[in-house]
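Descriptive analysis of the structure
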Amino acid sequence: MAIPASAQPAWRIRWAERENDRRRCAYDTQVAAWQRHHDHLARLRIEAAGFLGCTQPRAGLPVDLDADEVVYRVLPVADLVEADARHGTRLPVPGLTVATDDAAGRALPRGVRALDTGMAVVTNHRVAFSSGRGWRHEWRYADLVGPAHHPEVPFTLLHATDGRRLAGLRVPAAATVNFRFYLTLAFAAAIGERAAVTAQLEALLAAHRHARPVPPLPVHPDQAPSTGLRAERRAALAAAVVAVAFVALTAAGPASPEGADPPYRADESARGASAAATPNPVEGAAPTARGEPAARNPGAATSEAGALAAATRGGVTRGRAPVRAPEVVRIGDAVAPAAPLLRWLACPQGDSGASAPPRPG
């Protein structure tokens, strides 16, 4: 049974809100891209069905237009390319395929080279190219097999039937779709196949309508992952913890071996060692003279045990080595277990649950 959202932890509710916002933003981005492509296909279908060319401009073009010649497309910048039949590989084949996607590549394939840069114009009769250095090339539709659009590089080869060397045009990437569409439409209209282009665009538009993005299903707080954090946020949190630990250890500084307190010894063999050779484990306690027995002072024993308890709870002090809790506490010549004494000292004064301090054995 699902837990109500009001009963979920706060971090699960925040995760669900963030995840739903992320999914809505991604969906809005997909819908915007889908709508742009839909509008573009719809415009191309309208052009394929009713565009008949433009009578202007007629001046400033690389060729003189005939009286019944109209303009389909003008390219101020285009490259004249030529394909070598002996070295050409993976070249496109001619056809009436309508290209609706941009070609982002720029490098020409093996066997194709650029000859010059100039202006190109597409009319209802021909494709003409002219450069400032005198290069001129013309392809009449009556002598063409068809245009061949490369799927990855923005150039089109125009296959002629008169046996001339295979050549074509490379255009800027931003003008690829429009150039290829109007060139294909002009060639199809010249050979009486305009209806084939229109049918292609209607099929593309219908398929695109069926591919509309689907709104995402909302997520609920109980669907949050167990950690409440995505993988990238967990990695960032781990990096932050490591950085904080490194800064803390650097600020504390390394422990000084000279100033470190020696560990307490629990074995009975240490009883016979001299007091001068064994440092006093409790800081601030007065050392005893050589051969003089320690005073039987219960207050001193309590202070010693309290210091040991504080050292045990603190663990590591700044600039000092870690101190281990002793197993027994020596009070004069008597020995008492350290653990009960430390527990008794750790209990608050007046706690009814605290037992009396152990008596030295």
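Residues numbered from 1 in each chain as written. Predicted model: local features only at pLDDT ≥ 70, side-chain atom pairs only at ≥ 80, totals over all residues. Heavy atoms only, no water.

Here we come to the overall build of the protein. The helix and strand inventory of the protein stands at 6 helices and 9 strands. Going through the 361 residues of the protein one by one, you find that 32% of them count as buried. Sequence separation of 24 or more characterises 67% of the internal contacts of the protein that already satisfy a separation of 6 or more. Carbon and sulfur atoms make up 58% of the accessible area of the protein, which amounts to about 21800 Å² in all. (Helix = DSSP H or I, 4+ residues; strand = E, 2+ residues; numbered from the N terminus. Buried < 20%, exposed > 50% of the residue type's maximum accessible area, 1.4 Å probe, protein only. Contact = heavy atoms within 4.5 Å. Areas by Shrake-Rupley, 256 points an atom, 1.4 Å probe, with all protein chains shown as cover.)

Closest axis-to-axis distance for the helix α1 (residues 10–50)/helix α3 (residues 194–210) pair is 9 Å, and the angle between their directions is 160°. Of the possible angle classes, the one that applies to α1 and α3 is roughly antiparallel. Note that α1 runs across α3; the crossing there is left-handed. Contacts between α1 and α3 pair W34, H37, H38, L41, A42, L44, R45, E47, A48, A49 and G50 from the former with R194, V197, T198, L201, E202, L204, L205, H208 and R209 from the latter. In terms of residue class, the contact of α1 with α3 is made up of 10 nonpolar, 5 polar and 5 charged. (Axes fitted to C-alpha atoms, helices over the stretch in contact; angles between N-to-C directions. Parallel < 35°, antiparallel > 145°, perpendicular 65-115°, else oblique. Left-handed = near helix turned anticlockwise from the far one by under 90°. Nonpolar A, V, L, I, M, F, W, Y, C, P; charged D, E, K, R; others polar.)

Let us now look at the sheet that holds strand β6 (residues 155–160). The 7 strands lie next to each other as β4-β3-β2-β1-β7-β6-β5, forming an open sheet whose pairing is antiparallel. The sheet is open, and its two borders are formed by β4 (136–140) and β5 (144–149), each paired with just one other strand. Taking the axes of each pair of neighbouring strands and ignoring which way they run, one obtains an average angle of 30° across the sheet. As defined by bridge partners, strand β1 (residues 71–83) adjoins strand β2 (residues 112–123) across 10 bridges and the pair is classed as antiparallel. Bridge assignment links L75 to a residue of β2, and that residue is A120. Each of β1, β2, β3 (126–131), β5, β6 and β7 (167–170) is contacted by helix α2 (residues 176–190), which is oriented at about 160° to β5, the strand it contacts most. (Pairing = 2+ DSSP bridges.)

Turning our attention to the side chain of T198. For T198, the location among the structural elements is in helix α3. Assessed through its relative accessible area of 13%, T198 is described here as buried. Other than its neighbours up to four places away in sequence, T198 contacts A48 and A49.

The next point concerns the confidence of the model for the protein. Mean pLDDT over the protein stands at 75; residues scoring 70 or higher make up 64%. In the model, residues 256–260 has pLDDT below 50 throughout and makes 3 contacts with residues more than four positions away in sequence or in other chains. (pLDDT = per-residue confidence, 0-100.)

Attention now goes to the packing of α2 against α3. Their axes nearest at 7 Å, the elements α2 and α3 cross at an angle of 140°. Between α2 and α3, the angle is such that the two are oblique. Of α3, the residues touching α2 (which contributes F181, T184, L185, A188 and A189) are R194, V197 and L201.

Turning to the packing of aromatic side chains, a few remarks are in order. In this structure the tally under the stated criterion is 4 aromatic pairs. Here F51 and Y72 contribute two aromatic rings whose centre-to-centre distance is 5.1 Å and whose plane-to-plane angle is 85°, an arrangement assigned as edge-to-face. Residue F51 is found in the loop between α1 and β1, and its partner Y72 is found in strand β1; the two are separated by 21 residues along the sequence. For F51, a relative accessible area of 13% corresponds to the buried category. An aromatic cluster is present here, built from F51, Y72, F181 and Y182 joined pairwise through their rings. (Phe/Tyr/Trp six-rings, centres within 6.5 Å; stacked < 30°, edge-to-face > 60°.)

Let us look at the pairing of β5. Burial of β5 is extensive: 5 of the 6 residues sit out of reach of the surface. Two strands pair when backbone bridges link them, and β5 and β6 are joined in this way by 5 bridges, in the antiparallel orientation. Within β6, the residue paired with G146 across the bridge is H159. In textbook terms, the turn of a hairpin is the stretch between consecutive antiparallel strands, and for β5 and β6 this stretch comprises 5 residues.

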